[in-house]
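Given next are the chains, with one letter for each unit.
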There are 2 protein chains.
Amino acid sequence: MSKLVYSVSISLDGIVAGPDQSVANPLGVGGLLLHEWMRELAVWRKGAAQEGGLTNASTAVLERNKGKVGAIIMGRNMFGGGPGPWGDDPWNGWWGENPPWHLPVFVLTHYSRTRLDCEGGTSFEFVTDGIEAALKLARAAANAKDVLVSGGGTVAKQCLAAGLLDEIELHLVPVILGAGVRLFDDKAPAAARMEQVDVVEAPGVTHIRYRVRRLAAAAALLSYCRATNSMPTAS
Amino acid sequence: MSKLVYSVSISLDGIVAGPDQSVANPLGVGGLLLHEWMRELAVWRKGAAQEGGLTNASTAVLERNKGKVGAIIMGRNMFGGGPGPWGDDPWNGWWGENPPWHLPVFVLTHYSRTRLDCEGGTSFEFVTDGIEAALKLARAAANAKDVLVSGGGTVAKQCLAAGLLDEIELHLVPVILGAGVRLFDDKAPAAARMEQVDVVEAPGVTHIRYRVRRLAAAAALLSYCRATNSMPTAS
């Protein structure tokens, strides 16, 4: 069954993108710190047409989704747009003529734009009628493979709040950013409980995969606590 | 060298105690969910004079500090006090006549109180002149062993903000609580960088140990980003 997966690097304080994101600084202030573990890997550098790099326990984590993902959903910021409409001569994003996705990408945006076909099999389709519409298109394009949500939180938070995500991959980086986009903010579904699927310890990062589910038991427990302002007695 | 260690169960949204903590509900609403992994362990149940329980990868994590810790610092809430002064006939806390610590415990409080000596070697000393005073007393009592900060965040956050912690043990529990005491809030030192020491995957929890340090490089990078509102070019 096709899953909707969000994979993201996150700080100890739950930040997935630094503050003051802009075209000049798409990861936000300090956001680069979240991606150091990935940028030093040979497998990542190869995808970005850079030489050298390391192979470590993170390599297999980056590669394990290969072949399983059939389409990608991202926000306009991750594609490369700034605020406002695209203009007459729109920029084609951060990713160059041969973007590293090699898959159909669906960009969630307020501004319509003609589909963009790039070298290497990456296409960008611009979806203006919301996350559920983007997800429908992505699932169709993915051809029964998984759909990956990518980027710094805005789209993923919509998916999380709407109960659409099946799996979350956190790449937990030991830094406190102090400000920025918080993945699990007060709009995240309280009492949502995940199932821990697996953990990979790697240099400078811990990779944890969670299956998203909402246990009736957890919700019931919280309701109990809220109603009585007390805890059940330990059995 | 004696270390100051904070060991805490934390939700995916960074909450270490649920909202509305009270004498009736010391862990706050939903806070019990953070401790399920521990409460089902035989080693924990034994300490709490309960029978049965499991042995799994978390057992060694609970036991690894045994013999290394020489004193404990906690807040008044963890000891067992509610708001306000102690009163004429103060309650002796949650922990019964033979508390599970078997060590000198220093309780940070606004209200002075006579030292309490319990069975089994646990003593409670009540410190009213702040965290650094409590730490000084605890270090002396610990006799070159480590000092453990215990409890739901208030004391630990003071230690973190003051740069006093040497090590943080997070027991990351796959639940979103939505509200409560957030460990790394906007008073946590931004750009503080930890060093990931080790990771233990266990049923329903991931244990990660961090050495606290502030890398000059990280601070410098953030200063650069803030000053220029851009990122350094990748080398």
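Relevant structure appears above.
Residues numbered from 1 in each chain as written. Chains lettered and ligands numbered in written order. Predicted model: local features only at pLDDT ≥ 70, side-chain atom pairs only at ≥ 80, totals over all residues. Heavy atoms only, no water.

Novice: Explain the overall build of chain A to me, please; I cannot follow it from the model alone.
Specialist: Along the backbone of chain A there are seven helices and eleven strands. Looking at chain A residue by residue over its 235 residues, the buried ones come to 51%. Of the contacts formed within chain A by residues at least 6 apart in sequence, a portion of 61% connects residues at least 24 apart. Split by element, the accessible area of chain A, about 10,600 Å² in all, is 53% carbon and sulfur. (Helix = DSSP H or I, 4+ residues; strand = E, 2+ residues; numbered from the N terminus. Buried < 20%, exposed > 50% of the residue type's maximum accessible area, 1.4 Å probe, protein only. Contact = heavy atoms within 4.5 Å. Areas by Shrake-Rupley, 256 points an atom, 1.4 Å probe, with all protein chains shown as cover.)

Novice: Would you mind going over helix 6 (residues 154-161) of chain A with me for this structure?
Specialist: Helical geometry: 3.6 residues make up each α-helical turn, so side chains three or four residues apart lie on a common side. Here helix 6 of chain A has its buried residues at Val155, Ala156, Cys159 and Leu160 of chain A. Angular distribution of buried residues about the axis of helix 6 of chain A spans 135 degrees; they occupy a single face of the element. (Arc of directions from axis to C-beta.)

Novice: When you look at the packing of aromatic side chains in this model, what are you seeing that I'm missing?
Specialist: Any two aromatic rings considered together are summarised by their centre-to-centre distance and by the angle between their planes. Applying the stated criterion across every chain, the model contains six aromatic pairs over all chains. A centroid spacing of 4.8 Å and a plane angle of 70 degrees characterise the contact between phenylalanine 79 of chain B and phenylalanine 124 of chain B, whose relative ring orientation is edge-to-face. With phenylalanine 79 of chain B in helix 4 (residues 76-79) and phenylalanine 124 of chain B in strand 6 (residues 123-127), the pair connects residues that are 45 residues apart, well separated along the chain. Each member of the pair, phenylalanine 79 of chain B as well as phenylalanine 124 of chain B, carries the same accessibility label: buried. Joined through ring pairs, the aromatic side chains of Phe79, Phe124 and Phe126 of chain A make up one cluster. (Phe/Tyr/Trp six-rings, centres within 6.5 Å; stacked < 30°, edge-to-face > 60°.)

Novice: Which parts of the structure should I look at to understand the pairing of strand 6 of chain B?
Specialist: Residue and element names in this part refer to chain B. In terms of residue burial, strand 6 counts as a mostly covered element, since four of its five residues are buried. When strand 4 (residues 104-108) meets strand 6, the two strands line up parallel, connected through five bridges. Its bridge partner lying in strand 6, valine 105 is registered against phenylalanine 124. Of the strand pairs in this sheet, strand 5 (residues 116-117) and strand 6 are connected by two bridges, and their pairing is antiparallel. Residue pairing in the sheet places leucine 116 in a bridge with phenylalanine 124 of strand 6. Taking the residues that link successive antiparallel strands as the turn, the strand 5-strand 6 hairpin has five residues, and the phi of glycine 120 there is positive, at about 80 degrees. (Pairing = 2+ DSSP bridges.)

Novice: Just to check I follow, could you spell out the nonpolar core for this structure?
Specialist: One recurring pattern in soluble globular proteins: nonpolar side chains tend to sit buried together. Core analysis: the biggest nonpolar cluster contains 76 residues, and Phe184 of chain A together with Phe184 of chain B have the highest contact counts within it. Not counting residues up to four positions away in its chain, the partners in contact with phenylalanine 184 of chain B are Leu12, Asp13, Ile176 and Arg182 of chain A together with Ile10, Leu160, Ile168, Leu170 and Met194 of chain B. (Core = buried A, V, L, I, M, F, W, Y, C linked by side-chain atoms within 4.5 Å.)

Novice: How do you make sense of the environment of glycine 80 of chain B when you look at a structure like this?
Specialist: All names here are of chain B. Relative to the assigned elements, glycine 80 resides in the loop between helix 4 and strand 4. Spatially, the C-alpha atom of glycine 80 lies 9.4 Å from that of serine 22, the residues being 58 residues apart in sequence. What glycine 80 contacts, discounting residues up to four positions off in sequence, is Trp91, Gly93 and Trp94.

Novice: Help me understand the side chain of threonine 206 of chain B in this model?
Specialist: As for its placement among the helices and strands, threonine 206 of chain B is situated in strand 11 (residues 205-213). Here threonine 206 of chain B falls in the buried class, since its relative accessible area comes to 0%. Within the structure, threonine 206 of chain B has its side chain in polar contact with the side chain of glutamine 196 of chain A (distance 2.9 Å). Every residue in contact with threonine 206 of chain B, bar those within four places of it in the chain, is listed here: Gln196, Val199, Thr206 and Ile208 of chain A together with Leu170, His171, Leu172, Val199 and Val200 of chain B. (Polar contact = N/O pair within 3.5 Å; in protein donor to acceptor, adjacent residues only side chain to side chain.)

Novice: Even after reading the chapter, I still don't get the environment of lysine 136 of chain A, so can you show me in this structure?
Specialist: All names here are of chain A. Assignment of secondary structure puts lysine 136 in helix 5 (residues 131-142). Take lysine 136: its relative accessible area is 67%, and that puts it in the exposed class. Sequence-wise, lysine 136 and valine 200 are 64 residues apart; in three dimensions their C-alpha atoms are separated by 32 Å.

Novice: I keep staring at the environment of valine 173 of chain B and nothing clicks. Help me out?
Specialist: Residues and elements named next belong to chain B. Here valine 173 is to be found in strand 8 (residues 167-173). Counting along the chain gives 32 residues from valine 173 to valine 205, while the straight-line C-alpha distance between them is 4.9 Å. Non-local contacts of valine 173, meaning those with residues more than four positions away in its chain, are made with Ile10, Ser11, Leu12, Leu33, Leu34, Trp37, Gly204 and Val205.

Novice: Looking at this structure, how should I read unusual backbone geometry?
Specialist: Negative phi values dominate among residues other than glycine, just as trans dominates among peptide bonds. Residues and elements named next belong to chain B. Despite not being glycine, aspartate 20 has its phi angle at roughly 60 degrees, a positive value. Mapping aspartate 20 onto the fold places it in the loop between strand 2 (15-17) and helix 1 (36-39). For aspartate 20, a relative accessible area of 55% puts it in the exposed group. One non-glycine residue, asparagine 143, adopts positive backbone phi at about 55 degrees. With respect to the helices, strands and loops of the structure, asparagine 143 is situated in the loop between helix 5 (131-142) and strand 7 (146-150).

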